[in-house]
Number of protein chains: 2
Amino acid sequence: MRGAIIHAPGDIRVEDRDKPVVEQPTDAVIKVAAACVCGSDLHPYRGTEPVDGATPIGHEYVGVVEEIGEDVKNIKVGDFVIGSFMASDNTCEICRAGYQSKCVHVEFVGANGAQAEYLRVPLADGTLVATPGQPDQDLIPSLLAASDVLGTGCFGAVAAEAGPGKTVAVVGDGAVGLLAILAAKQLGAERIIAMSRHESRQRLALEFGATDIVEERGAEGVAKVKELTNGLGAHSVIEAVGTKESMMQAIGSTRPGGHVAYVGVQHDAQLPAGELFFAEVHLLGGPAPVRRFLPELIDLIWNRTIDPGKVFDLTLPLEDAAEGYRAMDERRAIKVLLAP
Amino acid sequence: MRGAIIHAPGDIRVEDRDKPVVEQPTDAVIKVAAACVCGSDLHPYRGTEPVDGATPIGHEYVGVVEEIGEDVKNIKVGDFVIGSFMASDNTCEICRAGYQSKCVHVEFVGANGAQAEYLRVPLADGTLVATPGQPDQDLIPSLLAASDVLGTGCFGAVAAEAGPGKTVAVVGDGAVGLLAILAAKQLGAERIIAMSRHESRQRLALEFGATDIVEERGAEGVAKVKELTNGLGAHSVIEAVGTKESMMQAIGSTRPGGHVAYVGVQHDAQLPAGELFFAEVHLLGGPAPVRRFLPELIDLIWNRTIDPGKVFDLTLPLEDAAEGYRAMDERRAIKVLLAP
């Protein structure tokens, strides 16, 4: 089969790979209907995360079950399924508390490379959720979004306690930030401030439910959010970038006692404990437990209540994965769908 | 009147000071019945916080109202009162949300120096709470504890979401850590792990409700807490020290999705954002909004349900404040009560 391999920063190639097979009785192998390039894939692509030799890449996927291990009970061959980038048993104490991305048996599905024709998914019963039937073609981008960026945006909005009567600010206008806006809107947030300086992304932010746009960043961005909130700051702030600057912008934009969710992947940043202490805001971040939200998100997509697939503004054949990475890296595309 | 002044690190003197008067119509002046030395007072005492010339010190107090400004309605001359170290209007949006320590009109009461015979308390209506009557002498230490260390321990337990069915770990065995144990017990926590290596403090921890003692620190302490919790970590962890080491010990001891409250005053520590991200725990810290808890705490003390005054293991006349600081600094005393 064909699959994307990262050889070194900036070097993505689609090559022949062995077609995956069921290795564990809890595995499933799916025929990938669509995959995509994630903002977090840009870390190794840009060299801000090491690349350890030729490595299969991609961790967002939807597809049709091709083969299942003998212990798999919840899904069957032929099902159209969506799963999180983190495989989870969905039965341990951590999963039951809603933190499937930290399951005691967690595995990173992306290690198997989802930007490919086929994908082996561990812990299939706990990881994959089947749609009610075979989806219409136009629903596939939205279902694919649920696999990571929508689920992550949703975790951000829930962790930031967005809801009725709340003012929510979103730092970051990538796919996750934009879908956090959609999720906050779904949760009933009264006012949603999108922090964005890119016209096309601002448009999508407004379409997804943003009520205000703040173009300023850093201290100026914080001042602007305070100006919009009687000097207090937003109740709920979602950080969807993953740098020290974006974290401090998010914390500064939050009122005392408010909630900051940080879903941008954090790397080497060091955060000043004193500023965190005196800001006195709730903080919750980490790899999103997407599995928690999948049933509800699939339902909302299936009923065409939400259309998160709009974040895909470039669709390419899998063979052109390298161009997809370039387009994301240069911010020519918000998010790139790869069709095997 | 007599009052403690810090002149430089290590240099506390009790001297003649002007008796405070009502300056604002919202002020009250109280005759201090008891004050005490706080762990946070040791920061300037040890030179880990700058001392800007001769400065009145102390921010924990109980006493009798001596004089009130013309706008004060909720308390009257002669009332026995307790207040937080942070003055708050208790009416603004932030106060109403329960974060009085970040009130839009907040003032640090300690700037007026509570280790003294008299103290001016700003925003008296929002800051002070009167007891049902004049307290018996033996209740005074417990009421004084409510002014900071008990209120802070209580905030820690609430912010860490201690409660029925929860395993709680407490990092730090100073007065705040010990009273966080008492508060977690009051909230119905199932199991309370005290992280302490001092025999006298362990004894008090057990008396306040701890079920387990862990003497190890750092990575070894984390491993021990995990061993006691099926490898998962505690649901709720209260950090009551205020260093990078204690913060990382607290975060490491918490299960994914669990809650860390950090109430030790943080200074120059830098926290690794990546470790925070991948730990995926809730974090909330800051100066405790003691005012939120005062009515309930006074009630519990008045009815002799709790006896937080046990943290005072040394009582000295105000004149001997310098010895009180020495005893705290050398960890000869858990907490020192100063009687004017």
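Since we're looking at a predicted model, the values are computed, not measured. (Residues numbered from 1 in each chain as written. Chains lettered and ligands numbered in written order. Predicted model: local features only at pLDDT ≥ 70, side-chain atom pairs only at ≥ 80, totals over all residues. Heavy atoms only, no water.)

## So, the overall build of chain A
Step number 1: Assigned secondary structure in chain A consists of twelve helices and 19 strands.
Step number 2: At 19 Å, chain A has a C-alpha radius of gyration in line with the 20 Å of a compact globule built from 340 residues.
Step number 3: If you line up chain A on its principal axes, its C-alpha atoms span 60 × 40 × 35 Å.
Step number 4: Counting the 340 residues in chain A, one finds 60% classified as buried.
Step number 5: Summing over all exposed atoms, chain A offers an accessible surface of approximately 12600 Å²; the carbon and sulfur share of this is 48%.
Step number 6: Where the 30 positive side-chain charges of chain A centre and where its 47 negative ones centre are 4 Å apart. (Helix = DSSP H or I, 4+ residues; strand = E, 2+ residues; numbered from the N terminus. Rg over C-alpha atoms; globule rule 2.2 N^0.38 Å. Buried < 20%, exposed > 50% of the residue type's maximum accessible area, 1.4 Å probe, protein only. Areas by Shrake-Rupley, 256 points an atom, 1.4 Å probe, with all protein chains shown as cover. Lys, Arg positive; Asp, Glu negative; His and termini not counted. Charge placed at Lys NZ, Arg CZ, Asp CG, Glu CD.)

## Some words on the pairing of strand E6 (residues 80-83) of chain A
All names here are of chain A.
Step number 1: Both faces of E6 are covered, namely the face carrying Phe 80 and Ile 82 and the face carrying Val 81 and Gly 83.
Step number 2: With three bridges connecting them, strand E5 (residues 61-68) and E6 associate as antiparallel partners. Across the sheet, Val 62 pairs through a bridge with Ile 82, a residue of E6. (Pairing = 2+ DSSP bridges.)

## As for helix H11 (residues 290-302) of chain B
Residue and element names in this part refer to chain B.
Step number 1: With 13 residues, H11 extends 17 Å between its outermost C-alpha atoms, agreeing within 8% with the 18 Å of an ideal straight helix rising 1.5 Å per residue.
Step number 2: Taking the largest bend as the criterion, H11 deviates by roughly 35°, centred on Glu 296.
Step number 3: For H11, the complete set of buried residues consists of Val 290, Arg 291, Phe 293, Leu 294, Leu 297, Ile 298, Leu 300 and Ile 301.
Step number 4: Where H11 is buried, its residues contact strand E6 (80-83), helix H3 (124-127), strand E10 (128-130), helix H4 (140-146), helix H5 (149-159) and helix H6 (175-186). (Expected span 1.5 Å × (residues − 1). Bend = angle between axes of the 7 residues up to and from the residue. Contact = heavy atoms within 4.5 Å.)

## Structural notes on the packing of aromatic side chains
Step number 1: Applying the stated criterion across every chain yields a total of six aromatic pairs over all chains.
Step number 2: Between Phe 277 of chain A and Tyr 262 of chain B the ring centres are 6.2 Å apart and the planes differ by 50°, which places this aromatic pair in the tilted class. Of this pair, Phe 277 of chain A sits in helix H10 (residues 273-279) while Tyr 262 of chain B sits in strand E15 (residues 254-262), which puts the two residues in different chains.
Step number 3: Taking the relative accessible area as the measure of exposure, Tyr 262 of chain B reaches 1% and is therefore buried.
Step number 4: When the centroid spacing of 5.2 Å and the interplanar angle of 35° are considered together, the rings of Tyr 45 of chain B and Tyr 325 of chain B count as tilted. Residue Tyr 45 of chain B is found in helix H1 (residues 42-46), and its partner Tyr 325 of chain B is found in helix H12 (residues 321-329); the two are separated by 280 residues along the sequence.
Step number 5: Ring pairs connect the aromatic residues Tyr 262 of chain A together with Phe 277 and Phe 278 of chain B, which therefore count as one cluster. (Phe/Tyr/Trp six-rings, centres within 6.5 Å; stacked < 30°, edge-to-face > 60°.)

## A closer look at the interface of chain B and chain A
Step number 1: Between chain B and chain A, the contact holds 38 residues from the first and 38 residues from the second.
Step number 2: At the boundary of chain B with chain A, total buried surface from both sides reaches about 3300 Å², with 62% on carbon and sulfur atoms.
Step number 3: For the pair chain B and chain A, the interface holds two salt bridges.
Step number 4: With a closest N to O distance of 2.8 Å, Arg 255 of chain A and Glu 93 of chain B form a salt bridge.
Step number 5: Between chain B and chain A we count ten residue pairs in polar contact (both at pLDDT 80 or more) in total.
Step number 6: Elements represented by at least two residues in the side of chain B that touches chain A include exactly helix H2 (93-96), E15, strand E16 (270-272), helix H10 (273-279) and strand E17 (282-285) of chain B.
Step number 7: Ranked by the residues each element gives to the side of chain B that touches chain A, the list is headed by H10 of chain B, at six residues.
Step number 8: Here the residues of the side of chain B that touches chain A are counted per class, giving 23 nonpolar, eleven polar and four charged.
Step number 9: By the bridge criterion, three bridges tie strand E16 (residues 270-272) of chain A to E16 of chain B in an arrangement that is antiparallel. Directly across from Pro 272 of chain A, in E16 of chain B, lies its bridge partner Gln 270 of chain B. (Buried area = accessible area lost by both parts, 1.4 Å probe. Salt bridge = Lys/Arg side-chain N within 4 Å of Asp/Glu carboxyl O. Polar contact = N/O pair within 3.5 Å; in protein donor to acceptor, adjacent residues only side chain to side chain. Nonpolar A, V, L, I, M, F, W, Y, C, P; charged D, E, K, R; others polar.)

## Focus on the sheet that holds strand E2 (residues 11-16) of chain B
All names here are of chain B.
Step number 1: Strand order in the open sheet formed by three strands is E2-E1-E4, and the pairing between neighbours is antiparallel. Two strands bound the open sheet, and with one partner strand each, they are E2 and strand E4 (55-56).
Step number 2: Note: strand E1 (residues 2-8) against E2, six bridges, orientation antiparallel. Looking across to E2, one finds that Ile 6 is bridged to Ile 12.

## What to know about the side chain of Thr 131 of chain B
Residues and elements named next belong to chain B.
Step number 1: One can find Thr 131 in the loop between E10 and H4.
Step number 2: The class of Thr 131 is buried, set by a relative accessible area of 9%.
Step number 3: A polar side-chain atom of Thr 131 sits 2.6 Å from the main-chain carbonyl oxygen of Gly 133.
Step number 4: Excluding anything up to four places from it in sequence, Thr 131 contacts Phe 80, Ile 82, Leu 143, Ile 298 and Trp 302.

## So, the sheet that holds strand E2 (residues 11-16) of chain A
Step number 1: Strand order in this open sheet of three strands is E2-E1-E4 (chain A), and the pairing throughout is antiparallel. Of all the strands in the sheet, the pair left with one neighbour each is E2 and strand E4 (55-56) of chain A.

## As for the relation of the copies chain B and chain A
Step number 1: With an RMSD of 0.0 Å, chain B superimposes on chain A once it is rotated by 180° and translated 0.0 Å along the axis. What the superposition gives is, in effect, a two-fold axis relating one chain to the other.
Step number 2: Most of the interface of chain B is mirrored in chain A, where 100% of its interface residues are also at the interface. (Least-squares fit on C-alpha atoms with pLDDT ≥ 70 in both.)

## Considering the pattern of salt bridges
Step number 1: Counting across every chain of the model gives 43 salt bridges over all chains.
Step number 2: For Glu 66 of chain A, the salt bridge goes to Lys 19 of chain A, with nearest N and O atoms at 3.1 Å. Within this pair, whereas Glu 66 of chain A is found in strand E5, its partner Lys 19 of chain A is found in the loop between E2 and strand E3 (28-37), the two being separated by 47 residues in sequence.
Step number 3: With its nearest N and O atoms 3.8 Å apart, the salt bridge here joins Asp 173 of chain B to Arg 201 of chain B.

## Examining the side chain of His 282 of chain B
Step number 1: Turning to its location among the elements, His 282 of chain B is positioned in strand E17.
Step number 2: Side chain to side chain, His 282 of chain B and His 259 of chain B meet in a polar contact 3.4 Å long.
Step number 3: Among all residues touching His 282 of chain B, those that are not within four sequence positions of it are Tyr 99, Leu 283 and Leu 284 of chain A together with Gly 257, Gly 258, His 259 and Val 260 of chain B.

## Points about helix H12 (residues 321-329) of chain A
All names here are of chain A.
Step number 1: When H12 is considered as a whole, its buried residues turn out to be Ala 321, Gly 324, Tyr 325, Ala 327 and Met 328. The buried residues of H12 all sit within an arc of 165° when viewed along its axis, so they share a single face.
Step number 2: If you follow the buried residues of H12, they end up packed against strand E1 (2-8), E2, E3, helix H1 (42-46), strand E18 (312-317) and strand E19 (335-339). (Arc of directions from axis to C-beta.)

## Overview of the pairing of strand E14 (residues 234-239) of chain A
All names here are of chain A.
Step number 1: Counting buried positions along E14 gives five out of six residues, so the element sits mostly inside the fold.
Step number 2: Inspection of the sheet shows strand E11 (residues 167-171) paired to E14 by four bridges, in the parallel sense. The residue of E14 that forms the bridge with Val 170 is Ile 238.
Step number 3: Sheet topology places E14 next to strand E15 (residues 254-262); five bridges connect them, and they run parallel. The partner of Ser 236 across the bridge, within E15, is His 259.
Step number 4: The handedness of the E14 to E15 crossover, carried by helix H9 (residues 244-252), is right-handed. (Right-handed = clockwise from strand over helix to strand, strands pointing away.)

## Description of the packing of helix H6 (residues 175-186) of chain A against helix H7 (residues 199-208) of chain A
Residues and elements named next belong to chain A.
Step number 1: Interaxial distance between H6 and H7 falls to 8 Å at its minimum, and their mutual angle equals 15°. The pairing of H6 with H7 is recorded here as roughly parallel in orientation. Between H6 and H7 lies a crossing whose hand is right-handed. Contacts from Leu 178, Leu 179, Ile 181, Leu 182 and Lys 185 of H6 reach H7 at Arg 201, Leu 204, Ala 205 and Phe 208. (Axes fitted to C-alpha atoms, helices over the stretch in contact; angles between N-to-C directions. Parallel < 35°, antiparallel > 145°, perpendicular 65-115°, else oblique. Left-handed = near helix turned anticlockwise from the far one by under 90°.)

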